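Topology and contacts: notes
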Amino acid sequence: MPLAVYVLGLSVFALGTSEFMLSGLLPPIAEDMNVSIPRAGLLISAFAIGMVVGAPLLAVATLRLPRKATLIALIAVFGLGQVAGALAPNYAVLFASRIVSALACAGFWALGAAVAIAMVPVGSRARAMAVMIGGLSIANVLGVPAGAFLGEHLGWRSAFWAVGLASAVALVGVATRIPHIPLPETRPRLRQEVAIYRDRQVLLSIVITALAAGGVFCAFSYLAPLLTDVSGLDDGWVSGVLGLFGIGAVIGTTIGGRVADAHLFGVLLTGITASTVFLAALALLASSPVATIVLTFLLGVSAFYTAPALNARMFNVAGAAPTLAGATTTAAFNLGNTGGPWLGGTVIDADLGYASTAWAGAAMTAVGLAAVVLSLRLNRDTSSPVVARGTAAPGEERGPARKTAKKGAAPEAVETTTLP
């Protein structure tokens, strides 16, 4: 695995910490900004909306810009967004800072994913994405609990300052370790790439990714008040339980990244099924502190066990659109990260209680599981348009990238043929 892929993963640590740390900061933010917890939860959706909109737009807008310079600019803007959030005098400014940060984060994710995929053989795509997703896992192990700890002891603004500092470190890493990446000799045909959205398998992959992510974060976004108000734990427990979720995420990412290349649909089916079961159990057992802690850990495992397969699947079925594949993956995840917290806030506003967010999340993942089954059936149908254009069965790689990224190929050879 090229060193640059690990640098991208470390950069994602800062991005992921900012994206998810609000799950441990909602109560103090709500109190300081004089808003309700569900309204504070919309700050999570605001970030996700920025990711949904920003990923495809920035993928196209930066098409002819130097890859390394673009990554540097995006991580710099992201860091400035954290500073703006730390200095926000009111809810509206904080909301705007989240959107700006999300746009930069989306661009970095979309471009960084394309660069990571391009630098490895096709058979290592899920492992490369697992390295990047590993940055999210580390963020959940260290960054999110640290943010909750800082929020409790030094105020929620200190968490934003800390992420700003982490962004500066990531900026140095990208500037010094990411190699120069040449632009493609021919300009990609965006009109032709947009045609992938007429493909049933691409649409199903978007739906599956959004529901799998949204179901988990429907409950995770409101974990802090669930732990204190339903499970009866003290505020000091919140950062530790969030860290336990992150440890589960590391374990899940490691296992999923190793297995998904060979058993992609197997990972999707087992991972999303497990998330559905754990969410339902959390809804039933939320009043038990021990059960809630254990289920939080298991939910981290199942959610991130599935993530590498979700990423790899999108790159497989959207291989004909190198510019939009990574952006579509980022947007799909954040469609879920938008809808999940919104649905969670809706059921809370309906006076159904914080435990009801887990029921709502389980409903989302159950529908996602049904979509996986449908996608698998279409994948086995040789008359499917996806199969007809030369894509492979589960566990195999698809599209034109298959002939450009043979096992053992040098990273440079892959870059010149698959980068957007």
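One structure accompanies this document, and this report is about it.

Quick notes on the rules
- Residues numbered from 1 in each chain as written.
- Predicted model: local features only at pLDDT ≥ 70, side-chain atom pairs only at ≥ 80, totals over all residues.
- Heavy atoms only, no water.
- Helix = DSSP H or I, 4+ residues; strand = E, 2+ residues; numbered from the N terminus.
- Buried < 20%, exposed > 50% of the residue type's maximum accessible area, 1.4 Å probe, protein only.
- Areas by Shrake-Rupley, 256 points an atom, 1.4 Å probe, with all protein chains shown as cover.
- Salt bridge = Lys/Arg side-chain N within 4 Å of Asp/Glu carboxyl O.
- Patch = residues over 30% accessible without salt bridge, like charges linked within 9 Å, V, L, I, M, F, W, Y side chains within 5 Å.
- Contact = heavy atoms within 4.5 Å.
- Lys, Arg positive; Asp, Glu negative; His and termini not counted.
- Charge placed at Lys NZ, Arg CZ, Asp CG, Glu CD.
- Expected span 1.5 Å × (residues − 1).
- Bend = angle between axes of the 7 residues up to and from the residue.
- Phe/Tyr/Trp six-rings, centres within 6.5 Å; stacked < 30°, edge-to-face > 60°.
- Lys NZ or Arg CZ within 6 Å of the ring centre and 35° of its normal.

Bringing the overall build of the protein into the picture now. Helix and strand counts for the protein come out as 18 helices and zero strands. The proportion of buried residues among the 420 residues of the protein is 59%. Accessible surface for the protein amounts to roughly 15,700 Å². Of this, 68% is attributable to carbon and sulfur atoms.

The tally for this structure, following the rule as stated, stands at one salt bridge. Notably, a salt bridge pairs D32 with R157, separated by 3.5 Å at the nearest N-O pair. In this pair, D32 sits in helix α2 (residues 26-33) while R157 sits in helix α7 (residues 156-177), placing the two residues 125 residues apart along the sequence. For D32, a relative accessible area of 42% puts it in the partly exposed group. A relative accessible area of 26% means that R157 is categorised as partly exposed.

This part covers a nonpolar patch on the surface. On the surface, I49, V53, L57, I99 and L103 cluster together to form a nonpolar patch covering roughly 390 Å² of accessible area. Those elements giving two or more residues to the nonpolar patch turn out to be α3 (37-61) and α5 (91-118). By residue number, the principal contributor to the nonpolar patch is α3, which donates three residues. Tracing the chain through its elements places I99 in helix α5. For I99, a relative accessible area of 30% puts it in the partly exposed group.

This brings us to helix α10 (residues 223-230). What α10 keeps buried is the set L223, A224, P225, L226 and L227. Of the surrounding elements, those touching the buried residues of α10 are α2, α3, α9 (200-220), α11 (237-259), α13 (289-317) and α15 (356-380). Among the residues trailing α10, G232 stands out with phi positive, at a value near 80°.

Looking now at a negative patch on the surface. Residues E152, D229, D234 and D235 make up a contiguous surface patch of negative charge. Secondary-structure assignment places E152 in helix α6 (residues 125-154).

Here we take up the environment of V131. With respect to the element layout, V131 can be found in helix α6. When the C-alpha atoms of V131 and V12 are compared, they prove to be 9.7 Å apart, with 119 residues separating the residues in sequence. Leave out the neighbours within four places in its chain, and V131 touches M1, V5, Y6 and G9.

Turning to α13, a few remarks are in order. Three- or four-residue spacings in an α-helix give side chains the same orientation, since the helix completes a turn every 3.6 residues. Helix length check: α13, at 29 residues, gives a terminal C-alpha distance of 42 Å against a target of 42 Å (1.5 Å per residue), a fit within 8%. The principal kink in α13, of about 25°, is found at A307, preceding the proline P308 by one to four residues. In terms of burial, α13 is a largely internal element, 24 of the 29 residues being buried.

Attention shifts here to the packing of aromatic side chains. Given two aromatic rings, their pairing is described by the distance between the two centres and the angle made by the two planes. For the structure shown, the criterion picks out six aromatic pairs. Ring geometry for W156 versus F160: centroids 5.5 Å apart, planes at 80°, classification edge-to-face. Placement of the pair is W156 and F160 together in helix α7, with a separation of four residues, close to one helical turn. Just as W156 is buried, F160 falls in that class too. Ring centres of F245 and F304 lie 6.2 Å apart, and the angle between their planes is 80°; on these two criteria the pair is classed as edge-to-face. Of the two residues, F245 is situated in helix α11 and F304 in helix α13; the sequence distance between them amounts to 59 residues. On the basis of relative accessibility, which here comes to 5%, the residue F304 falls in the buried class. The structure contains a cluster of three or more aromatic residues connected by ring pairs, namely F20, F217, F220, F245 and F304. One cation-aromatic arrangement involves R39 over Y91; the distance from NZ or CZ to the ring centre is 4.4 Å.

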